[in-house]
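Each chain is listed here by its residues.
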Amino acid sequence: MNIKSKLTFAIGILVAMIVLLVVLSVANLQILTATEPDSPAAGPGLERALIWIIVIGAVCICIGVGMLFKLPASINRPIKQLTDGILEIANHHYEVSLNLTDSEELMEVSKNFNRMARRLSDYHNSTLSELLASKRYMETIINSINEPIIGLDNDRRILFINDEALNILGLKREQTIKQLAEEVSMTNDLLRRLVRGLLEKGKNNEVGGKKEPLKIYANNKECYFQVKYVEITMKATDGITMEKGGDVIMLKNITEFRELDTAKTTFISTISHELKTPISAILMSLQLLNDKRIGKLNEEQADLSQSIKENSERLLNITGELLNMTQVESGKLQLKPKITKPIELIEYAIKANRVQAEKFGIQIEVEYPEDGKIGKLFVDSEKIAWVLTNLLSNAIRYSAENGRVIISARQVDEKHIEMSVQDFGKGIDPRYHKSIFDHYFRVPGTKVQGSGLGLSISRDFVEAHNGTLNVQSELGKGSIFTIRLNS
Ligand code: ADP
């Protein structure tokens, strides 16, 4: 029976009862009006009518009270079951099933509800299994990467870590997944270095702007890794704004490259060293050849010997630069600092470049404060003199003929002294201000001969003294190279 017929039936019974009560009351009244109330004929009729009224009244009240409790309950019960079912679905318990048999409509509702729950359950199971499958797929990909990789969320909880990372960290998967990296790193030195690096975002491994590789003992040998910290940004729940989702720590095994690099450095070092002696011998022989005591050279021979001399000097310069570079690269650079006056370094550089300056008609000007207004340096004078010589040589070579070059020194503050070499030559395009300090880099289109090593070695030498070497330059106006050192 549906709710409508239930209500109609209940109201029908009540109406029928009330009609019966009214009929009986009317009959009672008629008996009272038709007979004398005190006559013996009226007595039994009245009594019967009263009994009927009481009985029917009582039945009416019972039915009314029964309906008062039963009807709302019979309507509320299925609604409650339905509400509970909806709540279960909202809580992702899709196994819920309703069995409302109270009425046809409710049976229909429960049938539809159960069908919806089954569909949702199927959908949930399929998306869950798809998600699990993609998760497994992602894990397989991450594991197949043979470089260590660690993924962290915003609280630095380890989300994923591949076998290679577990191997170099010497950890087991269950010790890491969903654990706070800081907590795990308490007992793991390498992870601690990585987390510290992440917190300082690379500063930790950067020395003088260059990333120092991480030395790790793995696979029974010393390995070198380049660490990269990648911040993961993704779309927020609004689908528009981007927010940080965590970080990924990636390590690249560069041991092989490092070994090759060391082999290259050793090779260059040996070759340059071996070349120095014969070149010096050539220069020595040339000097003897030019000595009039051995015999006068004719003009052509003198030209040839001059050309051999210039080229041998260039070769000697290059081998010297290569040797310096290998010293820095192999970490064998040893400084022998001593107290030095900046003017001594300047004079050395000028002396070393005098012939070249005269050749190009370049006038070298010195700007130097009076004694007492500039302090002394505690540096490896040979190295810093080499740097100044190289900067001055560049200034001369990259200036137009008959130009001028200024070499200067000044006390910047109590603790710092700056030495600069300024030229008014062709200048350097701002695009190359960084790259000119890289090994072998030469500004495209540079016609003057050179190796592209001078500035990179100069910067290494200055940085080895905890100093800086910078450039300010404008195309067509010239350049200033400035060395800043502690006084
Ligand atoms: P090299 O001079 O032997 O090529 P460097 O390392 O000394 O090597 O210089 C790198 C490059 O920077 C040069 O090739 C040149 O293009 C540019 N450069 C250096 N100094 C100057 C300068 N004073 N003026 C213009 N360009 C310069």
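Residues numbered from 1 in each chain as written. Predicted model: local features only at pLDDT ≥ 70, side-chain atom pairs only at ≥ 80, totals over all residues. Heavy atoms only, no water.

K.L.:
Any chance you could break down the pattern of salt bridges for me, citing the residues and the numbers?
P.N.:
Scanning all chains against the criterion turns up 16 salt bridges. Its salt-bridge partner being E418, residue R410 comes within 3.1 Å of it at the nearest N-O pair. For R410, a relative accessible area of 44% puts it in the partly exposed group. Among the residues examined, E418 registers a relative accessible area of 13% and is labelled buried. The network of salt bridges with common partners includes D261, K264 and E329. (Salt bridge = Lys/Arg side-chain N within 4 Å of Asp/Glu carboxyl O. Buried < 20%, exposed > 50% of the residue type's maximum accessible area, 1.4 Å probe, protein only.)

K.L.:
Summarise the side chain of S185; cite the residues concerned and give the values.
P.N.:
Residue position: S185 is located in helix α6 (residues 181-185). Overall, S185 belongs to the buried group, its relative accessible area being 5%. Leaving out residues up to four positions away in the same chain, S185 has contacts with L191 and R192. (Helix = DSSP H or I, 4+ residues; strand = E, 2+ residues; numbered from the N terminus. Contact = heavy atoms within 4.5 Å.)

K.L.:
Explain the packing of aromatic side chains to me, and be specific about the residues and the numbers.
P.N.:
Considering all chains together, one arrives at three aromatic pairs under this definition. Measuring from ring centre to ring centre gives 5.8 Å for Y432 and F441, while their planes differ by 35°; the resulting arrangement is tilted. Centroid distance F437 to F481: 6.4 Å. Interplanar angle 70°. Geometry classified as edge-to-face. Taken together, the residues span a long stretch of sequence, with F437 in the loop between β12 (416-423) and α12 (454-464) and F481 in strand β14 (residues 478-486) at a distance of 44 residues. In this structure, F437 and F481 share a single accessibility class: buried. For R459, the ring lying beneath its charged end belongs to F437, and the centroid distance is 3.8 Å. (Phe/Tyr/Trp six-rings, centres within 6.5 Å; stacked < 30°, edge-to-face > 60°. Lys NZ or Arg CZ within 6 Å of the ring centre and 35° of its normal.)

K.L.:
Any chance you could break down the sheet that holds strand β11 (residues 404-413) for me, citing the residues and the numbers?
P.N.:
With mixed pairing, five strands are arranged side by side in an open sheet as β9-β11-β12-β14-β13. Either end of the sheet is taken by a strand with one partner, and the two such strands are β9 (363-367) and β13 (468-474). Averaged over all pairs of adjacent strands, the angle between their axes in this sheet comes to 15°, without regard to strand direction. Strand direction decides the pairing type here: β11 and β12, joined by eight bridges, are antiparallel. Paired with Q411 across the two strands is I417, which belongs to β12. Sitting on the sheet, helix α11 (residues 381-397) touches β9, β11, β12, β13 and β14, and the angle it makes with β12 is about 25°. Lying on the sheet, α12 is in contact with β13 and β14; it crosses β13 at an angle near 140°. (Pairing = 2+ DSSP bridges. Axes fitted to C-alpha atoms, helices over the stretch in contact; angles between N-to-C directions.)

K.L.:
So what's going on with the packing of helix α10 (residues 342-360) against α11? Residues and values would help.
P.N.:
Their axes nearest at 8 Å, the elements α10 and α11 cross at an angle of 25°. Of the possible angle classes, the one that applies to α10 and α11 is roughly parallel. Taken as a pair, α10 and α11 cross one another with a handedness that is right-handed. Within the contact between the two elements, α10 uses L345, I346, Y348, A349, I350, A352, N353, Q356, A357 and F360 and α11 uses S381, I384, A385, L388, T389, L392, S393, I396 and R397. (Parallel < 35°, antiparallel > 145°, perpendicular 65-115°, else oblique. Left-handed = near helix turned anticlockwise from the far one by under 90°.)

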